[in-house]
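# Breakdown of the fold
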Amino acid sequence: MTGNYEKRRELWILGVKPDSGREEIISGYLQSGGYLCRLEKYENIQSGRPLGVVLDISPFSDDGWGTLLKIKTSPLTRNIPVLPVFLSETGKVGGVFPVAGFFTLPLDEQYLQDRLAVYGLTEEAETWDLQAMTVSRTGEEKLSNTLESLGFGIIKGYTGKEALALASIHPVYLIFCGQMLPDMSAFELQERLRLDPYSSNTPLFVLLKDNVKDGEKIALSREIAHLVRKKQLTCDEFLAFLRRKE
């Protein structure tokens with residue numbers, strides 16, 4: 001391995017079983033965009049420190065949801081950006097879900113404050129009347145209190161449909177959403193928010209449960225499957241999502 005190669009950090013593809021060949025299309029897309037990339041294992045992530053992770057969360061993935069939770073639970077890896085994608089059984093890119101980021105529950109308030117500051121999302125909260133929306137079954141009081149301490153007004157929704165209705169009448173600066181709501185997933189909520197010009201660019205952060213059962217993982221993957229296109233995304237379409245995340 002050359003010195004120049006070592007200096008250029010890679011994007012890792014996770015959630016795909018080795019020797020399945022399902023990573024070939026997305027690897028080609030990434031390489032066409034000028035990215036170094038490779039299929040890797042979660043076990044190597046702490047030592048490898050990739051630039052970011054492209055993670056398969058489809059029903060065909062190798063425990064994509066479990067991998068996401070492990071990355072975002074560990075203080076050593078939780079700052080690594082993760083781009084969730086849907087890869088078909090043959091590796092076609094059917095969907096990309098560029099959420100702003102992930103936080104695990106129970107909430108680490110100091111970490112939340114630190115990350116929002118890094119993203120530059122707290123600078124104007126005390127100067128302007130900015131609203132943050134929380135969307136979850138429980139209301140997430142701890143999260144609401146932390147956001148209020150940063151200067152945000154709080155709008156609460158308990159279902160995806162309620163959140164969409166509230167976003168249509170209230171200007172919202174950022175949104176925090178449970179990964180699975182009573183009526184839709186966080187990713188479906190994001191897709192529907194993007195169709196509204198008033199909320200299309202609103203950062204959405206997903207709240208991950210600290211323990212997701214196998215049945216819940218299957219349900220989440222099936223929910224994602226309903227959102228994806230019936231045809232494969234082109235290389236340019238995929239790379240457009242990646243550039244927006246940068």
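Structure: see above.
Residues numbered from 1 in each chain as written. Predicted model: local features only at pLDDT ≥ 70, side-chain atom pairs only at ≥ 80, totals over all residues. Heavy atoms only, no water.

### Re helix α5 (residues 109–118)
Selection rule: Residue burial is assigned from relative accessible area. The probe radius is 1.4 Å, only protein chains are included, and a residue is buried under 20% of its type maximum, exposed over 50%, and partly exposed in between. Here a strand is any run of E in DSSP of at least two residues, a helix any run of H or I of at least four, and the numbering for each starts at the N terminus. Directions from the helix axis toward the C-beta atoms define the arc. Each polar contact in these results corresponds to two N or O atoms within 3.5 Å; when the atoms are within protein, one needs to be able to donate a hydrogen and the other to accept it, and residues that are neighboring in sequence are counted only if both atoms are side-chain atoms.
Buried within α5 we find Y111, L112, R115 and L116. The buried residues of α5 all sit within an arc of 130° when viewed along its axis, so they share a single face. The opening residue of α5 is D108, an N-cap whose side-chain oxygen sits 3.3 Å from the backbone nitrogen of Q110.

### A closer look at the side chain of E140
Put simply, the rule reads: For the purpose of counting charges, residues Lys and Arg are taken to be positive, whereas Asp and Glu are taken to be negative. His and the chain ends are not included. A carboxyl oxygen of Asp or Glu within 4 Å of a side-chain nitrogen of Lys or Arg is what we treat as a salt bridge.
Its location among the elements puts E140 in the loop between β7 (131–135) and α6 (141–149). Buried within the structure, E140 lacks any salt-bridge partner; its nearest side chain of opposite charge belongs to K142, at an N-O separation of 8.7 Å.

### Some words on the state of the cysteines
Our working definition: The rule for a disulfide is simple: a pair of cysteine sulfur atoms within 2.5 Å.
Counting across every chain of the model gives 0 disulfides. In this model C37 remains outside any disulfide bridge; the closest cysteine sulfur is found in C235, 11 Å from its own. By relative accessible area, which is 12% here, C37 ends up buried. On the accessibility criterion, C235 (18% relative accessible area) is buried.

### Description of the environment of I25
Quick reminder of the rule: Working rule for contacts: check all heavy atoms of both residues, and any pair within 4.5 Å makes them a contact.
Structurally, the position occupied by I25 is in helix α2 (residues 24–32). Measuring from C-alpha to C-alpha, the distance between I25 and L87 comes to 9.3 Å, with 62 residues separating the pair along the chain. Ignoring sequence-local partners within four residues, the contact set of I25 consists of T90, G91, K92, V93 and Q232.

### Observations regarding the environment of A167
Structurally, the position occupied by A167 is in helix α7 (residues 160–169). A C-alpha to C-alpha distance of 8.4 Å links A167 and M133, two positions 34 residues apart in sequence. Not counting chain neighbours up to four residues away, the residues in contact with A167 comprise M133, V172 and L193.

### Here we look at the pattern of salt bridges
Enumeration according to the criterion identifies 11 salt bridges in this entry. Between D63 and K217 there is a salt bridge; the shortest N-O distance is 3.1 Å. One end of the pair, D63, is in the loop between β3 (52–56) and α4 (64–73); the other, K217, is in helix α9 (residues 214–227), and 154 residues separate them in sequence. Between E141 and K156 there is a salt bridge whose closest N-O contact spans 2.4 Å. In this pair, E141 sits in helix α6 while K156 sits in strand β8 (residues 153–157), placing the two residues 15 residues apart along the sequence. Exposure remark for K156: the relative accessible area of 23% places this residue in the partly exposed category. A cluster of three or more residues bridged by salt bridges with shared partners is formed by E10, R38 and E40.

### Describing the sheet that holds strand β2 (residues 37–39)
Put simply, the rule is: Strands are labelled as partners when DSSP assigns at least two bridges between them. Here an axis means a line fitted to C-alpha atoms, over the contact stretch when the element is a helix, while the angle between two N-to-C directions is reported on a 0 to 180 degree scale.
With mixed pairing, 5 strands are arranged side by side in an open sheet as β2-β1-β3-β4-β5. Two strands close off the open sheet at either side, each with one partner strand: β2 and β5 (93–96). With strand direction ignored, the average angle separating the axes of adjacent strands in the sheet is 25°. Strand direction decides the pairing type here: β3 and strand β4 (residues 82–87), joined by 4 bridges, are parallel. Within the sheet, the bridge partner assigned to L55 lies in β4 and is P84.

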